[in-house]
Amino acid sequence: MSTPTGPVADGTPSADGSAAALAWWRTAAVYQVVPRSFADGDGDGVGDLPGLRSRLQHLADLGVDAVWVNPWYPSPGVDNGYDVTDYRDVDAALGGLAQAEEFLREAHALGLKVLLDIVPNHTSHTHAWFRAALAGDERARARYLFRPGRGEDGSLPPNDWESCFGGPSWTRTTGADGRPGEWYLHSFAPEQPDLDWRNPEVRAEFVDVLRFWFDRGVDGFRVDVAHGLLKQEGLPDALGRDRRTEEHPGWDQDEVHEVYREWRAVADAYDPPRVFVAEAWVARRERLPLYLRPDELHMAFEFDPLHVAWREGPWRRVIERGLAVAQLTGAPSAWALTNHDVVRQVTRYARSQPPEHGSNVSERARWGSEVPDLALGRARARAAALLTTALPGLVYVYAGEELGLEEVEDIPADLRTDPIHTRSGGRDPGRDGSRVPLPWSGQRPPFGFSPPGAPAPRLPQPPHWAALTAAAQARDEGSTLSLYRRALRLRRELLTGPEPLRWCEAPEGVLAFRRGRVLVQVNFGPRAVALPSGARLLVRSGPAPEGVLPVDTAAWLDVGAP
Ligand code: GLC
């Protein structure tokens, strides 16, 4: 266990830009795991920590520096664990706290840092605080956002906010006398009541939770809904404004930064200092740097790559916007091609591309209307992997993307549990298709996900994943897994220094940039091009004759010292 040691440096690159001065988190490759979908150790058909421990070598072989574990706390699982019952424990179904401590020890022994998810915007409705609140305990009620309804009998919600999962952001409670009572705010599902971050008890509680995990050696946190903790005083109507694209009184209030300044001081007091990565969806991009001030959060995900079309111009703009934030703040860019909330990239790239950006909703709305060309999607996803792993900053790899898994689109409706699906009345398929258990080995489901004899996992794996298991791909030099391993190894060797990105001239449809001695070219079409002669090919995302960069393919070339 580490002990607090007082303020320490944050790993800002030194004036001479030397690589040695870069803290680990500035250049890391981080592997994201949904524990229930990763590997089942105890044979109940649900992924767990014994399963994750048994597969840690896969991460070490892949060549990542850290693992980010999605919420592992006790939870009724209404929202994939983002509905927390107890922040100081681990769900018994995952193996409990003792398994988590073993996992931390083993990950660290393999040289892997560990990031957890912290979910501060809301608790589960099963959290002791919320139960006490519903039972009428005034002090507990003050930790949430209970308000009287509008209208004569209070039967209208206190304001007009929509929940992110559809429907109103408010649910009415029933008083002790059995009569309808006040309403409580939930930005997500009704089972996820929002906390009142103006209440000092809430702030103190989360500082204590951070310390609880930091004391156990956790290296940092991904901050869930980092922009949402504070709501505008008085909870005014949103008047139809869209949370995602317009300023909304429920998101991104100035007071939230006081919270992160307090958290940063806590993280900096550890040796080594602990880190935070923000999930901050801000409607006005110019507000993102506020979260990345030197005394706040260390980095924030770049979300544009999750939705940007497979086209050269839009990708170039996305990269430029990300690097501009890094330049302004000194915080590294955190790149990701996918995560547990969006359609997997193989499927996004397998259909006709929007002009600039798609969105989760528009991607899922296209299901059924156009047959996906998965081979095409996979080729583009492999090229995209060489693109993002070469960028300055961090790269996040979502479990299964290194296997080239696609979104599973044909999950029967009655097996889907994502609240986005249920609350949309089944119109939106929701996010279950990106959380299907991983295929590890063997010829038929569950492909080594569970030990023999276990019940089938809830979400069915497609039979053709037999060709995509980790074991099959480890034996195949041309597999997506082999590509990720090669790319991450080369990245560690050649691309984790402070070398800036410089754009290069390239044929039409080809994105080209240089970092240090590496020239990166990505061919978005319309035709195959010749690779520059005289440069050594380091890695290419797909097969091709020597000297050629086909359409939907990327390559790294060694062009010598700059
Ligand atoms: C974040 C998570 C998402 C979750 C939501 C509510 O956006 O990434 O999975 O549903 O927060 O906690």
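Residues numbered from 1 in each chain as written. Predicted model: local features only at pLDDT ≥ 70, side-chain atom pairs only at ≥ 80, totals over all residues. Heavy atoms only, no water.

So, about the nonpolar core. The biggest cluster of nonpolar side chains holds 108 residues, and the ones touching the most others in it are Trp72, Trp263 and Tyr396. Composition of this core by domain shows at least three residues from each of domain 1 (19-121 + 200-483) and domain 2 (128-185). (Core = buried A, V, L, I, M, F, W, Y, C linked by side-chain atoms within 4.5 Å. Buried < 20%, exposed > 50% of the residue type's maximum accessible area, 1.4 Å probe, protein only. Domains from an automatic or database assignment.)

What follows is about the pairing of strand E3 (residues 113-118). Counting buried residues along E3, five of its six residues qualify, which places the element largely inside the surrounding structure. Looking at chain direction, strand E2 (residues 66-69) and E3 are connected through four bridges and run parallel. From the neighbouring strand, Val67 faces E3, where its bridge partner is Val114. For the crossover from E2 across helix H4 (residues 96-109) to E3, the handedness is right-handed. Here E3 pairs with strand E7 (residues 220-223) via four bridges, running parallel. Residue pairing for E7: Asp117 is matched across the bridge by Arg222. (Helix = DSSP H or I, 4+ residues; strand = E, 2+ residues; numbered from the N terminus. Pairing = 2+ DSSP bridges. Right-handed = clockwise from strand over helix to strand, strands pointing away.)

At a minimum axis separation of 10 Å, helix H13 (residues 374-389) and helix H16 (residues 480-494) run at an interaxial angle of 10°. Between H13 and H16, the interaxial angle falls into the category roughly parallel. On H16, the residues that touch Arg378, Arg382, Ala385, Leu386 and Thr389 of H13 are Thr480, Leu483, Tyr484, Ala487, Leu488 and Arg491. Of the residues contributing to the contact of H13 with H16, the split by class is six nonpolar, two polar and three charged. (Axes fitted to C-alpha atoms, helices over the stretch in contact; angles between N-to-C directions. Parallel < 35°, antiparallel > 145°, perpendicular 65-115°, else oblique. Contact = heavy atoms within 4.5 Å. Nonpolar A, V, L, I, M, F, W, Y, C, P; charged D, E, K, R; others polar.)

So, about the sheet that holds strand E18 (residues 553-558). The five strands lie next to each other as E12-E13-E14-E18-E16, forming an open sheet whose pairing is antiparallel. The two strands at the open ends of the sheet, each matched to only one other strand, are strand E12 (502-503) and strand E16 (536-540). Two elements, strand E14 (residues 518-523) and E18, share six bridges in a ladder whose sense is antiparallel. Note on E18: the bridge partner recorded for Gln521 is Ala555. Relative to strand E13 (residues 510-515), helix H10 (residues 312-329) is tilted by about 30°, and along the sheet it contacts E12 and E13. Seen against the sheet, H16 touches E14, E16 and E18 and runs at an angle of roughly 130° to E16.

Attention now goes to the site of the ligand. In the region of the ligand, 14 residues are neighbours, and Asp79, Asp224, Glu279, His340 and Asp341 sit closest. Measuring from an oxygen atom of the ligand, one finds a side-chain N or O atom of Asp79 at 2.6 Å. Arg222 places a polar side-chain atom, nitrogen or oxygen, 2.9 Å from an oxygen atom of the ligand. Contact with the protein chains hides 96% of the accessible area of the ligand, taken as 310 Å² for the molecule alone. (Near = heavy atom within 4 Å. Polar contact = N/O pair within 3.5 Å; in protein donor to acceptor, adjacent residues only side chain to side chain. Areas by Shrake-Rupley, 256 points an atom, 1.4 Å probe, with all protein chains shown as cover.)

Evaluation of the coordinates by the stated rule reveals 46 salt bridges. With its nearest N and O atoms 3.2 Å apart, the salt bridge here joins Arg216 to Glu101. Of this pair, Arg216 sits in the loop between helix H7 (200-215) and E7 while Glu101 sits in helix H4, placing them 115 residues apart in sequence. The shortest N-O distance in the salt bridge between Asp254 and Arg287 comes to 2.7 Å. In this pair, Asp254 is assigned in the loop between E7 and helix H8 (256-268) and Arg287 in the loop between strand E8 (275-278) and helix H9 (288-291), connecting sequence segments 33 residues apart. (Salt bridge = Lys/Arg side-chain N within 4 Å of Asp/Glu carboxyl O.)

The interhelical angle for the contact between H7 and H8, taken along N-to-C directions, is 30°, at an axis separation of 10 Å. For the element pair H7 / H8, the angle class is roughly parallel. The element H7 and its partner H8 pack so that their crossing is right-handed. Here H7 contributes Arg203, Phe206, Val207, Leu210, Arg211 and Phe214 to the contact with H8, which in turn contributes Glu258, Val259, Glu262, Trp263, Val266 and Ala267. (Left-handed = near helix turned anticlockwise from the far one by under 90°.)

Time to look at the side chain of Asp224. In this structure, Asp224 sits in the loop between E7 and H8. According to the relative accessible area criterion, Asp224 is buried, its value standing at 7%. When sequence neighbours within four positions are dropped, the list of residues in contact with Asp224 reads Tyr82, Asp117, Ile118, Val119, Pro120, His122 and Glu279.

A word on the packing of aromatic side chains. Counted under the stated rule, the structure contains 30 aromatic pairs. Plain terms: the ring middles of Trp72 and Phe103 are 6.0 Å apart, the flat faces sit at 85° to each other, and that makes the pair edge-to-face. Taken together, the positions of Trp72 in the loop between E2 and H4 and Phe103 in helix H4 put the pair 31 residues apart, joining distant regions of the chain. Judged on exposure class, the residue Trp72 and its partner Phe103 are both buried. On the basis of an interplanar angle of 40° and a centroid distance of 5.2 Å, the ring pair of Trp197 and Phe206 is categorised as tilted. We classify Trp197 as buried; its relative accessible area is 2%. One residue, Arg143, lies across the ring of Trp129, its end atom 4.4 Å from the ring centre. One residue, Arg243, lies across the ring of Trp251, its end atom 4.4 Å from the ring centre. (Phe/Tyr/Trp six-rings, centres within 6.5 Å; stacked < 30°, edge-to-face > 60°. Lys NZ or Arg CZ within 6 Å of the ring centre and 35° of its normal.)

Often, the extent of an interface is quoted as the loss of accessible area on bringing the components together. Considered domain by domain, the protein is made up of domain 1 (19-121 + 200-483), domain 2 (128-185) and domain 3 (501-558). Domain 1 puts 20 residues into the contact, and the matching count from domain 3 is 19 residues. Taken together, the two surfaces of domain 1 and domain 3 that pack against each other cover about 1600 Å², and 72% of this comes from carbon and sulfur. Per-residue buried area on domain 1 facing domain 3 is highest for Glu312, Leu386 and Ala390; these three make up 32% of the total on that side. The interface formed by domain 1 and domain 3 includes one salt bridge. Asp552 is the salt-bridge partner of Arg380, the closest N and O atoms lying 3.1 Å from each other. The interface formed by domain 1 and domain 3 holds seven residue pairs in polar contact (both at pLDDT 80 or more) in total. Of all the elements in the fold, those that place two or more residues in the side of domain 1 that touches domain 3 are H10 and H13. The dominant element in the side of domain 1 that touches domain 3, judged by the number of residues it contributes, is H13, at eight residues. Grouping the constituent residues of the side of domain 1 that touches domain 3 by class yields 13 nonpolar, one polar and six charged. (Buried area = accessible area lost by both parts, 1.4 Å probe.)

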